[in-house]
Amino acid sequence: MSFLTLEKVTHYYFSKQRVTKALKDISVSIHEGEFIALLGPSGCGKSTILSIMAGIISPTEGKVKLQQKAIHAPSSEIGYMLQQDYLFPWKSILENILLGPKINQTLSKEMKEKGLSLLQEVGLEHVGSAYPDALSGGMRQRAALVRTLINDPKILLFDEPFSALDYQTKLKLEELVSGLLKTYHKTTVLVTHDIGEAIAMSDRIFVMDSNPGTISKVFEVPIELRNEQPLLARRHPKYQLLFDKVWEELDTKETVSSLGGGI
Amino acid sequence: MKQTKDDDRLFQHYLTSVRKEKKRVIIWQVLILISFILIWEVASRLYWVDPLLFSSPTTIYQVIAEKLQDGSLLKHMQITLLETVAGFLIGTIAGIFLAVSLWFSKRLSNILDPYLVILNAMPKVALGPIIIVALGPGYVSIIAMGAIISVIITTLVVYAAFNEVDPNYAKVLKSFGATKRQVFQHAVFPATMPTMISTLKVNVGLSWVGVIVGEFLVSKQGLGYLIIYGFQVFDFSLVMMSLVLIALFAAVMYKLVERIENWLIK
């Protein structure tokens, strides 16, 4: 049975100058515990889909359902992580990660302990009282991850969370995230423009097309790659095969859409 | 071991050089002040400038001593200080409150926009006579002058700062299901703290302008009144004395706000 479904989701952006059709007839169904990567050129509406799934914006047309219940507004059932960490510089790391419970008024001693143990799990046990300025990019993104996980969301939405990091940090964080998600059996949607990241981390890859945003192709990641940790998956022979296929798919889009821009 | 000793010596060397530089700056500052006072005194005694118009430091000192003794100066100072502090607080708080209301209601902000532009462009001291007629020729009017001069500019600056807060902070909070109030409390307000503090600094100067002009117009008591009175009876020692005192108080108030700033933004 489907866990998260989008039914014929269409979305427009309005401005004084024009109407933009950001998404057109997006229908997907995601199973529980599945890891989905949304891959596509910039401006194809990847982030819009994520915002719609998170309930931050409601689609112009169509429905979003989590476990058969329609999503209308954000809730603690959905964890959303942005491209940059957006830790609040005026709050300590511990205050930052307890922000969700504070907003929902579920802040308790147990929550605090849970926060501390999660910090430990991502290797940040010593920085709880520090302020975000004192942390490196990778540490900050890990703290942001804890802030997202603490509410125990049923589904995690990642909007290019690794793209602002240096390559090595990014690979390490991929390992960590992938491990954590497997342990807690979380359903995840990852938006990325990095083909390698998509293949190494996900179970299925949705390739998107722009103007308007549609899902043009779905790739299944072979089981051998799924079972490996991201770092090892990148070295697997089947990785390169899939990489080339996805590359080709994206490459044809680029030429078509740039032609479209010319007309 | 030797290495650390060496490091320590270098560090001490650096500290002494910093201290020396600071000393040098202070010496220069004191020198400028003393020579200014000396030149003023000499110029006045030797009639390079008309002592009747420009007074002299010693005369000003005498006037201060005399006025302090009969108790009249203390009263004038108290009144002006009170009015300025009240005007400053009311203007700043009302301005921030207005900015908050505008942030909470986009529609209110759109509706009020042209009025705020006009009120901001308008020279507020020109409203003085009307305020005095409406509120009576007393300290209430003067406080109103001190407040009105800073309230609109505070509103505009703080509201602009509210709007410049990175919307992604709000997005993070909204993803947790935060209400607009919570977004304001956790993201917008703390993020704009530095801007609000810097408007405080600007408002210190503005409320002095408002209050002194108010005292010019009401002409009953206060340092502004002493300036106008000294001008009318051609006693420029009195005018100069008031100016010196105002400069002093304004500087102290500014420094106090700076202290608050350091305390709030650690």
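**Q** Any chance you could explain the overall build of chain B here in plain terms?
**A** A count of helices and strands for chain B gives 12 helices and 0 strands. Listing each helix as α and each strand as β along chain B from the N terminus yields α-α-α-α-α-α-α-α-α-α-α-α. Expected size for 266 residues packed as a compact globule is a radius of gyration near 18 Å; at 25 Å, chain B overshoots this value by more than 25%. On the principal axes, the C-alpha backbone points of chain B span a range of 75 × 75 × 30 Å. Counting across all 266 residues of chain B, residues that qualify as buried make up 36%.

**Q** Help me understand helix α10 (residues 193-218) of chain B in this model?
**A** Residues lying three or four places apart along an α-helix face the same way, a consequence of the helix completing one turn every 3.6 residues. Between the first and last C-alpha of α10(B) there are 36 Å, a value that for 26 residues agrees with the 38 Å anticipated at 1.5 Å per step. Of all bends in α10(B), the biggest is about 25°, found at B:N203.

**Q** Is there a simple way to explain the domain arrangement of chain A in this structure?
**A** Bring the parts together and some accessible area is lost; that lost area is often taken as the interface size. Residue and element names in this part refer to chain A. The domains assigned to chain A are domain 1 (2-77 + 155-166 + 187-262) and domain 2 (84-152). Placing the centre of domain 1 and that of domain 2 at their C-alpha centroids yields a distance of 27 Å. Buried surface at the junction of domain 1 and domain 2, summed over both partners, amounts to about 550 Å²; 72% is from carbon and sulfur atoms. For the domain 1 face of the interface with domain 2, the top three residues by lost area are S76, L156 and L165, together amounting to 62%. Counting across the domain 1 and domain 2 interface gives 0 salt bridges.

**Q** Before we go on, may I ask you to explain the nonpolar core in this structure?
**A** In this structure, A:M53, A:L157 and B:F162 are the most contacted members of the largest nonpolar core, which totals 56 residues. Ignoring sequence-local partners within four residues, the contact set of B:F162 consists of B:A99, B:V100, B:W103, B:F184, B:V188, B:T192 and B:M196. Core analysis: the next-biggest nonpolar cluster, separate from the first, contains 30 residues, A:M111, A:V122, A:V127 and A:V146 among them.

**Q** Sorry, what's going on with the packing of aromatic side chains here?
**A** Two measures describe an aromatic ring pair: the distance that separates the ring centres and the angle between the ring planes. The final tally for this structure, using the stated rule, is 15 aromatic pairs over all chains. With a centroid separation of 6.0 Å and 40° between ring planes, the pair formed by A:Y239 and A:F243 is classed as tilted. Taken together, the residues A:Y239 and A:F243, both in helix α10 (residues 237-262) and 4 residues apart, mark about one turn of the helix. The interplanar angle of 90° and the centroid separation of 5.0 Å between the aromatic rings of B:W103 and B:F104 together place this pair among those described as edge-to-face. Residue B:W103 is classed as buried on the basis of its relative accessible area, which comes to 14%. By the ring-pair criterion, three or more aromatic residues cluster together here, those being B:W103, B:F104, B:F162, B:F184 and B:F189. Across the ring face of B:W103, the terminal group of B:K180 is positioned such that the distance to the ring centre comes to 5.1 Å.

**Q** Explanation requested: the domain arrangement of chain B in the structure shown.
**A** When the domains of chain B are assigned, the result is domain 1 (2-49) and domain 2 (58-264). For domain 1 of chain B and domain 2 of chain B, the distance between their C-alpha centroids amounts to 34 Å.

**Q** What is the right way to read the packing of α10(B) against helix α12 (residues 236-264) of chain B from this model?
**A** The description of two packed helices rests on the angle between their axes and on the distance between the axes. Residue and element names in this part refer to chain B. At a minimum axis separation of 10 Å, α10 and α12 run at an interaxial angle of 165°. As the angle between them shows, α10 and α12 are arranged roughly antiparallel. For α10 against α12, the interelement crossing comes out right-handed. Contacts between α10 and α12 pair M193, I197, L200, K201, V204, W208 and I212 from the former with I246, F249, A250, M253, Y254, V257, E258, E261 and L264 from the latter. When the residues that make up the contact of α10 with α12 are grouped by side-chain class, the tally is 13 nonpolar, no polar and 3 charged.

**Q** What's the story with the interface of chain B and chain A in this structure? I'm lost.
**A** With 16 residues of chain B at the contact, the number on the chain A side is 21 residues. Contact between chain B and chain A buries roughly 1,700 Å² in total, counting both sides, with carbon and sulfur atoms accounting for 69%. If you sort the residues of chain B by the area they bury against chain A, B:Y169, B:F176 and B:H186 come out on top, with a joint share of 40%. Joining chain B to chain A, the criterion identifies 0 salt bridges. Applying the counting rule to chain B against chain A returns 7 residue pairs in polar contact (both at pLDDT 80 or more). In terms of residue count, the dominant contributor to the side of chain B that touches chain A is helix α8 (residues 167-175) of chain B (7 residues).

**Q** How should the sheet that holds strand β6 (residues 78-81) of chain A be read in this particular structure?
**A** Each strand in a sheet pairs with another by means of backbone hydrogen bonds, the pair being arranged parallel or else antiparallel. Residues and elements named next belong to chain A. Reading across the sheet, the 6 strands line up as β6-β7-β8-β3-β9-β10 and stay open at both edges, with mixed pairing between neighbours. Both edges of this open sheet fall to β6 and β10 (214-220), since each of them pairs with a single strand only. Between one strand and the next, the sheet's axes are offset by a mean angle of 20°, whatever the strand orientation. In this sheet, strand β8 (residues 187-192) lies alongside strand β3 (residues 35-39) in parallel orientation, the contact comprising 5 bridges. Across the sheet, residue A37 finds its bridge partner in β8, namely L190.

**Q** Would you take a moment to explain the sheet that holds strand β4 (residues 61-66) of chain A for this structure?
**A** Residues and elements named next belong to chain A. Within the open sheet, the 4 strands sit side by side as β2-β1-β4-β5. Their pairing is antiparallel. Of all strands in the sheet, those with a lone pairing partner are β2 (19-31) and β5 (69-70), marking the two edges. Note: strand β1 (residues 2-14) against β4, 5 bridges, orientation antiparallel. Across the sheet, T5 pairs through a bridge with K65, a residue of β4. Packed on one face of the sheet, helix α1 (residues 46-54) meets β1, β2 and β4 and runs near 120° to β1.

**Q** So what exactly am I meant to see when it comes to the side chain of A:H11 here?
**A** In this fold, A:H11 is placed in strand β1. In contact with A:H11, other than residues within four places in its own chain, are A:T20, A:K21, A:A22, A:L23, A:T48, A:I52, A:I57, A:S58, A:P59 and A:T60.

**Q** Please explain the pairing of β2(A) as it appears in this structure.
**A** Regular strands show a simple pattern: their side chains alternate between the two faces of the sheet. Residue and element names in this part refer to chain A. Sheet topology note: the β1/β2 ladder contains 9 bridges and is antiparallel. The partner of L4 across the bridge, within β2, is I30. The hairpin formed by β1 and β2 contains 4 residues between the paired strands.

**Q** What is the right way to look at a nonpolar patch on the surface in this model?
**A** Residue and element names in this part refer to chain B. Where nonpolar side chains cluster on the molecular surface, the patch consists of I26, V30, I34 and L38 and spans about 350 Å² of accessible area. By secondary structure assignment, the location of L38 is in helix α1 (residues 2-45). Residue class for L38 comes out exposed when judged on its relative accessible area of 51%.

**Q** Just checking my understanding: could you explain empty space enclosed by the protein for this structure?
**A** Space left empty within the atom packing is revealed by a probe, the size of a water molecule, rolled over the atoms. A complete count under the given rule lists 3 cavities of 30 Å³ or more for this structure. In this structure, the largest cavity occupies an estimated 70 Å³ of space. At the level of secondary structure, the elements contributing two or more residues to the lining of the largest cavity comprise β6 and α5 (137-149) of chain A together with α8 of chain B. In terms of residue count, the dominant contributor to the lining of the largest cavity is α5(A) (4 residues). Classifying every residue of the lining of the largest cavity by side-chain character gives 6 nonpolar, 4 polar and 2 charged.

What counts, and at which threshold
Numbering of residues starts from 1 in every chain and runs along the sequence as written. All chains are assigned letters beginning at A, and all ligands numbers beginning at 1, according to the order in which they are written. Only residues with pLDDT of 70 or above have their local features reported here, since the model is predicted, and side-chain atom pairs are shown and tallied only from 80 upward, although totals for entire chains, interfaces and linings are computed over all residues. Side-chain numbers here rest on the full set of heavy atoms in the structure, without hydrogens or water. A run of H or I in DSSP becomes a helix once it reaches four residues, and a run of E becomes a strand once it reaches two; helices and strands are each numbered from the N terminus. For the radius of gyration, the atom set is restricted to C-alpha positions; the globular benchmark scales as 2.2 Å times the number of residues to the power 0.38. Burial classes: relative accessible area under 20% of the type maximum marks a residue as buried, over 50% as exposed, and values in between as partly exposed (1.4 Å probe, protein chains only). Expected span, for any helix, means 1.5 Å times one less than how many residues it has. Consider a residue and the seven residues that end there alongside the seven that start there; fitting an axis to each set, the bend is the angle between those axes. Throughout the structure description, domain borders are defined by an automatic or database domain assignment. Two parts placed together each lose some accessible area; with a 1.4 Å probe, that loss summed over both constitutes the buried area. Throughout this description, the term salt bridge denotes a Lys or Arg side-chain nitrogen within 4 Å of a carboxyl oxygen of Asp or Glu. Residue types Ala, Val, Leu, Ile, Met, Phe, Trp, Tyr and Cys, when buried and joined through side-chain atoms within 4.5 Å, form a set referred to as a nonpolar core. When checking whether two residues touch, look at their non-hydrogen atoms; a contact exists if any pair is within 4.5 Å. Under the pairing criterion, centres of Phe, Tyr and Trp rings, with the six-membered ring standing for Trp, must be within 6.5 Å; the plane angle then separates stacked pairs below 30 degrees from edge-to-face pairs above 60, leaving the rest tilted. Our definition puts a charge over a ring when NZ of Lys or CZ of Arg is within 6 Å of the ring centre and also within 35 degrees of the ring normal. A fitted line through C-alpha atoms represents every axis, and for helices the fit uses only the stretch in contact; the resulting angles, taken between N-to-C directions, go from 0 to 180 degrees. Oblique is the label for any angle not covered by the other classes, which are roughly parallel (under 35 degrees), roughly antiparallel (over 145) and roughly perpendicular (65 to 115). For any pair of crossing helices, the crossing counts as left-handed if the nearer helix is rotated counterclockwise from the farther one by less than a right angle, and right-handed if it is rotated clockwise. Only Asp, Glu, Lys and Arg are considered charged, only Ala, Val, Leu, Ile, Met, Phe, Trp, Tyr, Cys and Pro nonpolar, and every remaining residue, Gly among them, polar. Under the rule applied, a polar contact is a pair of N or O atoms within 3.5 Å (in protein, one hydrogen donor and one hydrogen acceptor; residues adjacent in sequence only if both atoms are side-chain atoms). Between any two strands, at least two bridges found by DSSP are needed for them to pair. Residues qualify for a patch when their relative accessible area is over 30% and they have no salt bridge, like charges being joined within 9 Å and the nonpolar side chains of Val, Leu, Ile, Met, Phe, Trp and Tyr within 5 Å. All accessibility values rest on the Shrake-Rupley procedure with a 1.4 Å probe; residue burial counts only the protein chains present in the view. Within this scheme a cavity is a closed region of a 1 Å grid, computed over the protein atoms alone, that accommodates a 1.4 Å probe without allowing it to escape, whereas a pocket is open but has protein on both sides within 12 Å along at least five of seven lines; lining residues each have an atom within 4 Å of a point. Grid points are joined across faces, edges and corners, and a volume is the space filled by probe spheres set on the points.

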